[in-house]
Amino acid sequence: MNYTRHSPSALNLFAACPSMFVLERVVGRRQPVGAAAHRGTAVEAGVAHGLDNPDASVEECTALAETRFRELAALCGDSRRDKVEAGIPDMVARALAELRPYGPPSGKQGFIEWRPEGLTYPIVGYYDFAWDEHGIIVDLKTTERLPSEVKAPHARQVALYTGGNMEGRLAYVTPAKSTVYRLENVPAHRDALHRMALACERFLALSDDPQFFVSITSPDLDAFYFATPGARQAAWETWGV
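Below, the structure is looked at part by part. (Residues numbered from 1 in each chain as written. Predicted model: local features only at pLDDT ≥ 70, side-chain atom pairs only at ≥ 80, totals over all residues. Heavy atoms only, no water.)

Now for the packing of helix H4 (residues 58-72) against helix H6 (residues 88-99). Running from N to C, H4 and H6 point in directions that differ by 130°, and their axes come no closer than 9 Å. It follows that H4 is oblique to H6 by the angle criterion. Handedness of the H4/H6 crossing: right-handed. Contact residues: H4 offers Val 58, Cys 61, Thr 62, Ala 65, Glu 66 and Phe 69, while H6 offers Ile 88, Pro 89, Val 92, Ala 93 and Leu 96. (Axes fitted to C-alpha atoms, helices over the stretch in contact; angles between N-to-C directions. Helix = DSSP H or I, 4+ residues; strand = E, 2+ residues; numbered from the N terminus. Parallel < 35°, antiparallel > 145°, perpendicular 65-115°, else oblique. Left-handed = near helix turned anticlockwise from the far one by under 90°. Contact = heavy atoms within 4.5 Å.)

This is the structure in structure tokens:
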């Protein structure tokens, strides 16, 4: 078992679907990334280019994002790949409209490490964009539906990035809409992330044998996390279900 540091994504997975956490983080069978996740990475690349280069056209930023998506998704077997790719131009345009007024960012993909009391492993992550002059960190989220408020897993993630010293914001972008939410109650979200990490470490301390964790979990194959044929095959091979 090669688990030596926490991340918001790992802790959110531990809370939401312990069996998938065991499959990926304990057994070591990481599942392929879907087209939507590749789109998020690609859109971020196009937006980063546009923020760093204020004179770059939206079309130039979109072309960069589309090229990046095709590189990332070249071997992706996701049946929604073409539909997902079609949303890139509108997402890039909307994200740039939301974020260009902030000016060029002072930092991108910055590494954050937090070592709260009582943890064996640090909690680490990478923020998307920072503007030190404004005291703002923004995480960009591409999605099919615009949420009416900050989602709890995203709130915990951005609370880590702010360090309690920066203002955290979530920029949600769909092909049709976009909005930016300010993160409220940062200390509460950081405390929640800390508690999740403590629970995760107590769980992992139960054994050094990955098969022990297989024996005390069972996957829900109707859950989103096991929606792909590959994930269901992995569940069969791991749990026999």
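The subject of this paragraph is the environment of Tyr 102. With respect to the secondary-structure elements, Tyr 102 resides in the loop between H6 and strand E1 (107-108). Between the alpha carbons of Tyr 102 and Tyr 3 there is a distance of 37 Å; along the sequence they are 99 residues apart. Leave out the neighbours within four places in its chain, and Tyr 102 touches Trp 131, Glu 133, His 134, Ile 136, Val 138, Arg 169 and Val 180.

For the rest of this paragraph, the subject is the side chain of Gln 31. Considering the arrangement of structural elements, one finds Gln 31 in the loop between helix H2 (18-26) and helix H3 (35-52). For Gln 31, a relative accessible area of 18% gives the class buried. There is a polar contact of 3.1 Å between the side chain of Gln 31 and the backbone oxygen of Arg 29. Leave out the neighbours within four places in its chain, and Gln 31 touches Met 20, Leu 23, Glu 24, Gly 230, Ala 231 and Ala 234. (Buried < 20%, exposed > 50% of the residue type's maximum accessible area, 1.4 Å probe, protein only. Polar contact = N/O pair within 3.5 Å; in protein donor to acceptor, adjacent residues only side chain to side chain.)

The relative placement of two packed helices is expressed as an angle between their axes plus a distance between the axes. Here helix H1 (residues 8-16) crosses helix H8 (residues 186-204) at 70°, and the two axes come no closer than 10 Å. Judged by the angle between their axes, H1 and H8 are roughly perpendicular. Handedness of the crossing formed by H1 with H8: left-handed. Facing H1, whose interface residues are Pro 8, Leu 11, Asn 12, Phe 14 and Ala 15, H8 presents Leu 193, Met 196, Ala 197, Ala 199, Cys 200 and Phe 203. For the contact of H1 with H8, the per-class residue count stands at 10 nonpolar, 1 polar and no charged. (Nonpolar A, V, L, I, M, F, W, Y, C, P; charged D, E, K, R; others polar.)

Leu 11, Phe 21, Ile 123 and Phe 226 are the most contacted members of the largest nonpolar core, which has 42 residues in total. Only H1, H2, strand E2 (111-114), helix H7 (152-162), strand E6 (167-173), H8, helix H9 (210-215) and helix H10 (229-239) provide two or more residues apiece to this core. The element contributing the most residues to this core is H8, with 7 residues. Dropping the residues within four chain positions of it, Ile 123 is found in contact with His 6, Pro 8, Leu 11, Ile 112, Glu 113, Trp 114, Pro 116, Leu 160, Leu 193, His 194 and Ala 197. Among the nonpolar cores identified, the runner-up in size contains 27 residues, and Ala 42, Val 47, Val 84 and Leu 140 belong to it. (Core = buried A, V, L, I, M, F, W, Y, C linked by side-chain atoms within 4.5 Å.)

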